[in-house]
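A look at the structure
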Amino acid sequence: MAVLGALVKKVWSIRRFVVLLCAPLALVPVLLSLPPKEGRCLYVILLMALYWCTEALPLAVTALLPIILFPFLGILPSSKVCPQYFLDTNFLFLSGLIMASAIEEWNLHRRIALRVLMLVGVQPARLILGMMLTTSFLSMWLSNTASTAMMLPIANAILKSLFGDKDTTKDMKRENEENQASLQQNKLYTVPTEMQFLASTEDGCAEKEISSDALSDIKEEEEYKRNIWKGFLISIPYAASIGGTATLTGTAPNLILLGQLKSYFPECDVVNFGSWFMFAFPLMLIFLLLGWLWISILYGGINLRAWRRKKSNIRMDAEARAREVIQEDYQKLGPTKFAEQAIFFLFCMFAIMLFSRDPKFIPGWASLFPPGFISDAVTGITIVIILFFFPSQKPSFRWWFDLKAPNTETQPLLTWKKAQETVPWNIILLLGGGFAMAKGCEESGLSVWIGGRLQPLEGVPPPVAVILITVVIALFTEFASNTATIIIFLPVLAELAIRLKVNPLYLMIPGTIGCSYAFMLPVSTPPNSIAFSSGHLMVKDMARTGLLMNLMGVLLLSLAMNTWAKSIFQLGTFPAWANIHAENTTSLLTDVENVTLSALNKI
């Protein structure tokens, strides 16, 4: 096995090397088949897309390629490329990452998770619901990966208290089957060790034959345990992916949408933290509830036949042990610390100020300042800076008047060293690479060229286009990074919306959320990979469960876009900010056609 593993690693490294060298040469025909500037920009985008999909380079390193290639190929000067890596959208995301680091530093997320599980109860269906609710709430503010990595150990501890160690159960079962086989060859019968049935008489122990009903009950119980275990593990990454869509800072694609809107449609101001939350939070709750029902029914958490029967003593004892495990873990956290209270207060301020800055349906507090001066990034960074000087221990006013008191430095809620270690800075670069690509598409005229090739789609009804877009992107993101996927697709969706004469948000929002609906494969998202690495899930389990989850996500998203999203984002009309972009596009297309005709006349 070790030799095979080493061989696989060598083949993988060779493949990466081949992709790195051959991809730039294979894409050279793109440079020759398009107008000069558009062709060069498309060459860079396809090269980055290929590197992102194959991971020939780290994702963040690939995101830095526009800094090199755009100036060298004459697409954009360096002075226009580099600022894209630190737009205010990046700082909004950075503020969310730093707030998440502070929450993790003081274990506030673990206290919240255990408290929710204590409230929902320990029956399997209720525990799955509690796991999904907690994971999705944490994923709204933490990264999807961090939420999954935090919740899985809690789930494993509860499962072991319910059913015992699954690996031990497998070994016992295998040993029992071997014993049964050897004894049955000698026409003897044995009692299954899983249930520890003991047959004893006054003269001694005697082997007895177990009835077929008892054997079927044993098999049913083992199948029940195996299914519940799978249901627990698979619900956590799914809830993390769904929860990340509820806030702008919950996942990177949401912020990429915000950044590209500011690049393509500078006058668009309808998407902010508050308006997005009003749209995405109800969608998240509905999807979460339906997903819980599907997982619980599929894996036996909800069993109509079992409700008619009285609960066995074994299951009642197991649930009592699970309750004890949760309460014991919660008690280990000790009483609520001053730092946890301070973090919770600042976290609430963070959410409330972002939501109330400009909620659209009423004037927000940002209306007290000149228009355009206050953004979500200003709000987020304001709260985050407080974390670096607010004390983590309750200050004593007597210290100021006690001259003999020791002059010890108070630790803040978050140190910069801790922020450096825990914040995923590579995501900031990945966002910047997406914004640089969008700027290059706009400045080079590539987006206009793409729009000109979308004429056959002008007859597609917009509701049908929403479903098709969501399906295509959800399938594409099963095999590629969701961040890379949305970076590639958003410019195309913006131009398609202009062609269809619909509000660009009507197509761009489903594309953005759809790339988070990757449920079918372990490689689709890091949360899926973490759950799969536990060893208790198979690919067919994720594919079977994820197929219906994908279908539900597509239909619910289409329902949301055609109902409450229309009033929140004014999707029923073609907005003025999109009309300005359309007029600029038309004039640019006319200029391109005139240049082409004059060149042909000279020939």
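Details of the structure are given in the entry above.
1. As for the pattern of salt bridges
Where charged atoms of side chains with opposite charge meet at close range, the side chains can pair. The full count for this structure, using the stated rule, is 8 salt bridges. A salt bridge links lysine 230 to aspartate 541; the nearest nitrogen and oxygen atoms lie 3.2 Å apart. With lysine 230 in helix 12 (residues 212–243) and aspartate 541 in helix 26 (residues 539–561), this pair connects stretches of sequence that are 311 residues apart. For the pair lysine 230 and aspartate 541, a shared accessibility class is recorded, and that class is buried. We note a salt bridge from glutamate 340 to lysine 337, for which the minimum N-O separation is 3.6 Å. Classification of glutamate 340 as buried rests on a relative accessible area of 2%. On the accessibility criterion, lysine 337 (40% relative accessible area) is partly exposed. A cluster of three or more residues bridged by salt bridges with shared partners is formed by Lys80, Lys439 and Glu443.

2. Things to note about the layout of surface pockets
The gaps of empty space that remain are located by a probe, the size of a water molecule, rolled over the atoms. Taken as a whole, the largest pocket spans an internal volume of roughly 930 Å³. Taken together, 42 residues line the largest pocket, and the ones lying closest to its centre are Thr145, Ile427, Asn482, Thr483 and Pro526. Taken together, the elements giving at least two residues each to the lining of the largest pocket come down to helix 3 (36–54), helix 4 (59–62), helix 7 (88–105), helix 10 (144–163), helix 13 (252–264), helix 20 (425–444), helix 23 (482–500) and helix 25 (526–532). If you tally residues by element for the lining of the largest pocket, the top one is helix 7, at 6 residues. Across the lining of the largest pocket, the residue classes break down as 22 nonpolar, 18 polar and 2 charged.

3. Focus on unusual backbone geometry
Backbone geometry follows two general trends: most residues other than glycine have a negative phi, and most peptide bonds adopt the trans configuration. Positive phi values are uncommon outside glycine, yet asparagine 107 reaches one of about 60°. Within the fold, asparagine 107 resides in the loop between helix 7 and helix 8 (108–120). Residues other than glycine seldom take positive phi values, yet lysine 501 does so here, at roughly 60°. Along the chain, lysine 501 turns up in the loop between helix 23 and helix 24 (505–514). By relative accessible area, which is 51% here, lysine 501 ends up exposed.

4. Quick notes on helix 23
Taking 1.5 Å per residue, 19 residues should reach 27 Å; helix 23 reaches 25 Å between its end C-alpha atoms and fits that length. The largest bend along helix 23 measures about 35° and falls at phenylalanine 489, with the proline proline 491 one to four residues further on. Counting buried residues along helix 23, 16 of its 19 residues qualify, which places the element largely inside the surrounding structure. Where helix 23 terminates, the next one or two residues include lysine 501, which has phi positive at roughly 60°.

5. With respect to the nonpolar core
Membership of the largest hydrophobic core comes to 157 residues, with the highest contact counts inside it found for Phe265, Phe279, Leu507 and Phe569. The element contributing the most residues to this core is helix 23, with 11 residues. When residues no more than four places from it in sequence are discounted, the contact partners of leucine 507 are Ala465, Val466, Ile469, Leu493, Leu496, Ala497, Leu500 and Val502.

6. A closer look at the packing of helix 17 (residues 338–356) against helix 18 (residues 376–387)
Remark: helix 17 packs on helix 18, axes separated minimally by 9 Å, with the N-to-C direction vectors making an angle of 170°. As the angle between them shows, helix 17 and helix 18 are arranged roughly antiparallel. Where helix 17 approaches helix 18, its residues Ile343, Leu346, Met349, Phe350, Met353 and Leu354 are matched on the opposing element by Asp376, Thr379, Gly380, Ile383, Ile386 and Leu387. Of the residues in the contact of helix 17 with helix 18, the class split is 9 nonpolar, 2 polar and 1 charged.

7. Quick word on helix 14 (residues 273–298)
Spacing of three or four residues puts side chains on the same side of an α-helix, whose turn is 3.6 residues. End to end, helix 14 covers 35 Å across 26 residues, agreeing with the expected 38 Å (1.5 Å per residue, within 8%). The axis of helix 14 is deflected most strongly, by about 25°, at alanine 280, and proline proline 282 appears within four residues downstream. Of the residues flanking the start of helix 14, the one acting as N-cap is asparagine 272, its side-chain oxygen 3.0 Å from the backbone nitrogen of glycine 274. Directly beyond the C-terminal end of helix 14, a positive phi value near 85° is found at glycine 300.

8. A short note on empty space enclosed by the protein
Counted by the stated rule, this structure contains 2 cavities of 30 Å³ or more. Its boundaries defined by the atoms lining it, the largest cavity holds a volume of some 60 Å³. Lining the largest cavity are Ile103, Leu108, Ile112, Phe137, Leu138, Trp141, Leu142 and Phe347. At the level of secondary structure, the elements contributing two or more residues to the lining of the largest cavity comprise helix 8 and helix 9 (124–139). For the lining of the largest cavity, the class distribution of residues is 8 nonpolar, no polar and no charged. What the second largest cavity holds in volume is close to 30 Å³. Lining the second largest cavity, in full, are Gly96, Met99, Ala100, Ile103, Trp141, Thr249 and Phe350.

9. Describing the packing of aromatic side chains
A complete count under the given rule lists 19 aromatic pairs for this structure. A centroid spacing of 6.3 Å and a plane angle of 40° characterise the contact between tyrosine 264 and phenylalanine 265, whose relative ring orientation is tilted. Comparing tyrosine 264 with phenylalanine 265 shows no difference in burial state: the two are buried. What links up through ring pairs into an aromatic cluster is the set Phe137, Trp141, Phe273 and Phe347. For the cation-ring pair, arginine 111 lies above tyrosine 330, with the distance from its terminal atom to the ring centre recorded as 5.6 Å.

10. A look at the side chain of serine 296
Within the secondary structure, serine 296 is located in helix 14. Under the relative-accessibility criterion, serine 296 is labelled buried at 0%. Among the polar contacts listed, one links the side chain of serine 296 to the backbone oxygen of tryptophan 292, at a separation of 2.8 Å.

Criteria and thresholds
Residues numbered from 1 in each chain as written. Predicted model: local features only at pLDDT ≥ 70, side-chain atom pairs only at ≥ 80, totals over all residues. Heavy atoms only, no water. Salt bridge = Lys/Arg side-chain N within 4 Å of Asp/Glu carboxyl O. Helix = DSSP H or I, 4+ residues; strand = E, 2+ residues; numbered from the N terminus. Buried < 20%, exposed > 50% of the residue type's maximum accessible area, 1.4 Å probe, protein only. 1 Å grid on protein atoms, 1.4 Å probe; cavity = no way out; pocket = protein on both sides within 12 Å on 5 of 7 lines; lining within 4 Å. Points joined across faces, edges and corners; volume = space filled by probe spheres on them. Nonpolar A, V, L, I, M, F, W, Y, C, P; charged D, E, K, R; others polar. Expected span 1.5 Å × (residues − 1). Bend = angle between axes of the 7 residues up to and from the residue. Core = buried A, V, L, I, M, F, W, Y, C linked by side-chain atoms within 4.5 Å. Contact = heavy atoms within 4.5 Å. Axes fitted to C-alpha atoms, helices over the stretch in contact; angles between N-to-C directions. Parallel < 35°, antiparallel > 145°, perpendicular 65-115°, else oblique. Polar contact = N/O pair within 3.5 Å; in protein donor to acceptor, adjacent residues only side chain to side chain. Phe/Tyr/Trp six-rings, centres within 6.5 Å; stacked < 30°, edge-to-face > 60°. Lys NZ or Arg CZ within 6 Å of the ring centre and 35° of its normal.

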